[in-house]
Amino acid sequence: MRWRVPTATAIAALLVLGAAAPAHAESIVLENAQASNARASCTPDGWADGTRRGQSFTAPESGRLTEVGFHAKNVARTTTVSIARGVGPSRVELASQAISFPGTPVPELTSIVLTTPVDVVAGQQYSVIVADISCGPGTTLATTFYIADGTPFEGGDELIGDGVPLTTADLWFRFVIEPTIVDTTAPTITATTSPAANAYGWNNTPVRVTFACEDDTAVASCGPDTTLGEGAGQSVTGIAVDDSGNSTQRVVSDINVDLTPPVVSLRDGPTDGATYTAGAVPPQPDCVATDASSGVATCSIDGYANGPGVHIVSATATDLAGNSATTSATYTVMPLRLRGFFAPVDMDGVINVVKGGSTVPLKFEVFDGAVELTDPAVVTSFTQTPVSCEDWSTSEADPIEVTTTGATSLRFDAKAGHFVQNWKAPAPRAACYVVTMTVQDGSTLAAAFRMK
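Small disclaimer: the values here were computed from a predicted structure and weren't measured.

Chemist: I'm lost on the sheet that holds strand E19 (residues 275-276) in this one. Help?
Modeler: Hydrogen bonds between backbone atoms are what pair the strands of a sheet, whose relative direction is either parallel or antiparallel. Pairing in this open sheet of 4 strands is mixed, and the strands run E19-E23-E22-E21 from one edge to the other. At either end of the open sheet lies a strand with only one pairing partner, and these are E19 and strand E21 (296-302). For E21 and strand E22 (residues 309-319), the ladder comprises 6 bridges, and the chain directions are antiparallel. Its bridge partner being in E22, Asp302 is matched across the sheet by Ser314.

Dropping the structure here:
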């Protein structure tokens, strides 16, 4: 047989008249330049009538037969394309496909894309028959090929039939083979985790692992993408597989996810809802925390105070993944209760007029709840502040510590039942002062004085 590469005109004709597009650049296209025919019979009952056209070819390379083309003037509108290995009685059918032509006139050149491509092996002879023949029950369709001069195809096939002379209308035109691509290169696969772990290697939200795959030919499968929840030391395996079965594996490991905040508590310290006197406030509590997953990173105390007022002390713990938890206690501290100054000093807005340079006893009492305090250490300071005699709210200088006169200092007079501080009044006449006593919790007593 004589095969030739199709011309541009022939391929263009396929595009215009055929049902399928021409093969891609890597395809092998075979054309037969010599008319041929096939004789069909139903065995063992003898010849069967019907239109038949046939041709054989030897595969130059291994691959897949994807398309056959032929002149179809003399072929019935509804027929079958049969592809087989070998020719003649030893022909072994590999695939068949029913086809229907569009009507009269039938296109002179017809191209059929095979629904199921047929694998062919280099050097092996294959035959294709178009036949509109029905064989009865228990019979088999058999064929033998002829060429135009009535001689058989090369290969020593036994001839059956009369070798009917053929014309170009019987010419099988075209076979398309897509060579088998030997792909030994594995695809590539990359992985991305989102969000990224923190500096400690932990996440406090679910982690999404996605895979991206590439291949020189085509990727058949990639992944799978996975979302990970709570757990330490987790891993995800992604696999890239190409169309040739080559594969590459990518393992993403050491993924740590902690979605649970730590457990935090206050140890010791003020009790939630409690009320304390100034001297009975418990010391600052400890922050205690546990975390079953990533572990505790920090645990701190905030808001503790022992002065008068309402306070909220809190403990906040953060784990290595960044989860945090807070607990708190609210408590009240009552201020120290002050009484005084007693006589000879007048209070409640009265301005005491004293001789400059004289000694004024400042007498007072301090109570923590119902308990009277007697330790002078409860008093933190005595100060005198020069003020305007016209506007007592306006100070004229910074407060200064008072001067204690005589051989005594601040003391608790057990017999009288109060503290005594002897204040030496400043010498300048017509000057005005506010004397202030402050205790440990910040509470104060103040009295106004005018020098004469």
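Chemist: Before we go on, may I ask you to explain the sheet that holds strand E13 (residues 207-214) in this structure?
Modeler: Reading across the sheet, the 3 strands line up as E12-E13-E15 and stay open at both edges, with antiparallel pairing between neighbours. What marks the edges here is a single partner per strand, and that holds for strand E12 (188-194) and strand E15 (226-228). Across the sheet, the mean angle separating the axes of adjacent strands is 20° when strand polarity is ignored. Where E13 meets E15, 3 bridges bridge the pair, whose relative direction is antiparallel. Within the sheet, the bridge partner assigned to Val207 lies in E15 and is Leu228.

Chemist: Could you clarify how one ought to interpret the pairing of strand E33 (residues 444-451) in this entry?
Modeler: Moving residue by residue along a regular strand, the side chains alternate between the two faces of the sheet. The sheet contact formed by strand E25 (residues 351-354) and E33 spans 4 bridges and is parallel. Bridge assignment links Asn352 to a residue of E33, and that residue is Phe449. Taken together, strand E32 (residues 432-439) and the strand that follows it, E33, pair antiparallel across an intervening segment of 4 residues, in which Gly442 is found at a positive phi of about 95°.

Chemist: When you look at unusual backbone geometry in this model, what are you seeing that I'm missing?
Modeler: The phi torsion of most residues other than glycine is negative, and most of the peptide bonds are trans. Residue Pro195 follows Ser194 across a cis peptide bond; omega there is -5°. Within the secondary structure, Pro195 is located in the loop between E12 and E13. The amide bond that connects Ala343 to the next residue, Pro344, takes the cis arrangement and shows omega of 20°. Note on placement: Pro344 falls in the loop between strand E24 (337-340) and E25.

Chemist: What is the right way to look at the nonpolar core in this model?
Modeler: It is characteristic of soluble globular proteins that their nonpolar side chains tend to be buried jointly. By size, the foremost hydrophobic cluster in this structure holds 27 residues, and its most contacted members are Phe341, Leu362, Phe364, Met437 and Phe449. Counting 17 residues, the second-largest nonpolar core is a separate cluster that includes Leu65, Val81, Ala95 and Tyr126.

Chemist: Help me understand the packing of aromatic side chains in this model?
Modeler: When we look at a pair of aromatic rings, we describe it by the centre distance and by the angle of the planes. With the rule as written, the count across this model stands at 7 aromatic pairs. Relative to Tyr331, the ring of Tyr276 lies with its centre 6.2 Å away and its plane at 75°, an arrangement referred to as edge-to-face. Remark: Tyr331 occurs in strand E23 (residues 324-333) and Tyr276 occurs in strand E19; sequence separation between them is 55 residues. One exposure class covers both Tyr276 and Tyr331, and it is buried. Here the aromatic cluster, defined as three or more aromatic residues joined through ring pairs, consists of Phe341, Phe364, Phe382, Phe412 and Phe419. Cation over ring: Arg337 sits above Phe367, and NZ or CZ is 4.4 Å from the ring centre.

Conventions used here
Residues numbered from 1 in each chain as written. Predicted model: local features only at pLDDT ≥ 70, side-chain atom pairs only at ≥ 80, totals over all residues. Heavy atoms only, no water. Pairing = 2+ DSSP bridges. Helix = DSSP H or I, 4+ residues; strand = E, 2+ residues; numbered from the N terminus. Axes fitted to C-alpha atoms, helices over the stretch in contact; angles between N-to-C directions. Core = buried A, V, L, I, M, F, W, Y, C linked by side-chain atoms within 4.5 Å. Buried < 20%, exposed > 50% of the residue type's maximum accessible area, 1.4 Å probe, protein only. Phe/Tyr/Trp six-rings, centres within 6.5 Å; stacked < 30°, edge-to-face > 60°. Lys NZ or Arg CZ within 6 Å of the ring centre and 35° of its normal.

Honestly, it's all geometry; don't read function into it.
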